[in-house]
Amino acid sequence: MEELFKKINIKPKDISLYVTAFSHSSYANEHKAKGDYERLEFLGDSVVDLAIADYLYSHNFDNEGEMTKIRASYVCENALYEYSMALGLNKYIRVGHGEEKEGGQYKKAIVADIFEALMGAIYLDLGYATARKTVLNIIVPYIEDPNITFFSDYKSALQEYVQTEQKSVLYDLVLETGPAHDRTFTVEAKIDNIVYGVGTGGSKKDAEQEAAKEALKKLAV
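Before going into details, it helps to say that this report is about the structure given with it. Predicted model only: the values in this text are computed from it and were never measured.

The three strands are arranged β1-β2-β3 in an open sheet whose pairing can be described as antiparallel. Of all the strands in the sheet, just β1 (169-177) and β3 (194-201) have a single pairing partner and so form its edges. Strand after strand, the sheet turns through a mean of 20° between neighbouring axes, direction not considered. Alignment of strand β2 (residues 184-191) against β3, held across seven bridges, turns out to be antiparallel. Residue pairing across strands places K190 opposite V195, the latter belonging to β3. The strands touched by helix α10 (residues 154-164) within the sheet are β1 and β2, with β1 carrying the most contacts at an inclination of about 140°.

Here the focus is the pairing of β2. Burial within β2 is extensive, with seven of its eight residues counted as buried. Here β1 pairs with β2 via eight bridges, running antiparallel. Across the sheet, residue L175 finds its bridge partner in β2, namely T186. The hairpin turn running from β1 into β2, its antiparallel successor, is six residues long, and G178 in that turn takes a positive phi close to 95°. Hairpin geometry of β2 and β3 is characterised by an intervening segment of two residues between the two adjacent antiparallel strands and by a positive phi of about 50° at D192.

This brings us to the packing of helix α5 (residues 64-75) against helix α6 (residues 77-87). Direction vectors running N to C along α5 and α6 enclose 45°, while the axes themselves pass 5 Å from each other. Our classification of the angle between α5 and α6 gives oblique. Judged by residue contacts, S73, Y74 and V75 of α5 engage E77, A79, L80 and Y83 from α6. Residues belonging to the contact of α5 with α6 are distributed by class as follows: five nonpolar, one polar and one charged.

It is possible for side chains bearing opposite charge to pair when their charged atoms get close. Scanning all chains against the criterion turns up six salt bridges. Between K155 and E208 there is a salt bridge, with its nearest N and O atoms 2.7 Å apart. Remark: E208 occurs in helix α11 (residues 204-220) and K155 occurs in helix α10; sequence separation between them is 53 residues. Note on K155: relative accessible area 28%, which makes it partly exposed. For E208, a relative accessible area of 17% puts it in the buried group. Here E176 makes a salt bridge to R183, at a shortest N to O gap of 3.4 Å. The exposure class assigned to E176 is partly exposed, which follows from its relative accessible area of 38%.

The next thing to look at is unusual backbone geometry. One non-glycine residue with positive phi stands out, namely D192, at about 50°. Within the element layout of this structure, D192 appears in the loop between β2 and β3. Judged by its relative accessible area of 43%, D192 falls in the partly exposed class. Unusually for a residue other than glycine, N193 sits at a positive phi of about 70°. Mapped onto the fold, N193 is located in the loop between β2 and β3. For N193, a relative accessible area of 65% corresponds to the exposed category.

Another aspect to go through is the packing of aromatic side chains. Inspection of the entire model under this criterion finds four aromatic pairs. A ring pair is formed by F5 and Y18, whose centres lie 5.2 Å apart and whose planes are at 70°; its orientation type is edge-to-face. Of the two residues, F5 is situated in helix α1 (residues 2-7) and Y18 in helix α2 (residues 15-21); the sequence distance between them amounts to 13 residues. Using a relative accessible area of 0% as the deciding quantity, one classes Y18 as buried. Centroid distance Y83 to F115: 5.4 Å. Interplanar angle 55°. Geometry classified as tilted. Placement of the pair is Y83 in helix α6 and F115 in helix α8 (residues 108-126), with a sequence separation of 32 residues. For the pair shown, Y83 and F115 are each scored as buried. Put simply, the rings of Y83, F115 and Y142 touch in pairs and so form one group of aromatic residues. The ring centre of Y171 lies 4.9 Å from the NZ or CZ of K155, which sits over that ring.

Reading the values: rules and limits
- Residues numbered from 1 in each chain as written.
- Predicted model: local features only at pLDDT ≥ 70, side-chain atom pairs only at ≥ 80, totals over all residues.
- Heavy atoms only, no water.
- Pairing = 2+ DSSP bridges.
- Helix = DSSP H or I, 4+ residues; strand = E, 2+ residues; numbered from the N terminus.
- Axes fitted to C-alpha atoms, helices over the stretch in contact; angles between N-to-C directions.
- Contact = heavy atoms within 4.5 Å.
- Buried < 20%, exposed > 50% of the residue type's maximum accessible area, 1.4 Å probe, protein only.
- Parallel < 35°, antiparallel > 145°, perpendicular 65-115°, else oblique.
- Nonpolar A, V, L, I, M, F, W, Y, C, P; charged D, E, K, R; others polar.
- Salt bridge = Lys/Arg side-chain N within 4 Å of Asp/Glu carboxyl O.
- Phe/Tyr/Trp six-rings, centres within 6.5 Å; stacked < 30°, edge-to-face > 60°.
- Lys NZ or Arg CZ within 6 Å of the ring centre and 35° of its normal.

Structure below.
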């Protein structure tokens, strides 16, 4: 991991945190390891959110709604996956044999989670100031590049559409498959109880966005 530490410009104190940050539950189960990255990913999610919110606030972005949309765009699964792959984080992911055969080191949900787990490890090891600096060094160049977009808020667009038509939209989770560490969710977007779109994703939020995207396509016809 020395190459990675040099790339993101940190000097770790507790290497075990970073080992855990790159350990998938399938690996931890097979090797009877103390833990996997899930708790660090939970913590890192908040660290990344706070760092980006802090950046947007301090740079006088227009209003709460605008800041919320921008933050969502740069902390979504697609964005986190891009950051991880650009840093080569997938090279350090440790997965079990079964997960390895299924290409676990390249699965979007796992690769995205690893980025947040790493930020969680940095926060615990070196403090918030270092974690914040690391997050901003990685993400701000993407925010400042007008040619890069990761995320379209299809749910908001659909909500605006149905409001003008005085209708309502609901999202129903209709299917949940896969093991606990790699769930796939299927969601229906219903307008006045009629299904207009179906979406799948590695999280309920992503599935809802896909369902909203499909609904907008149908409504545009």
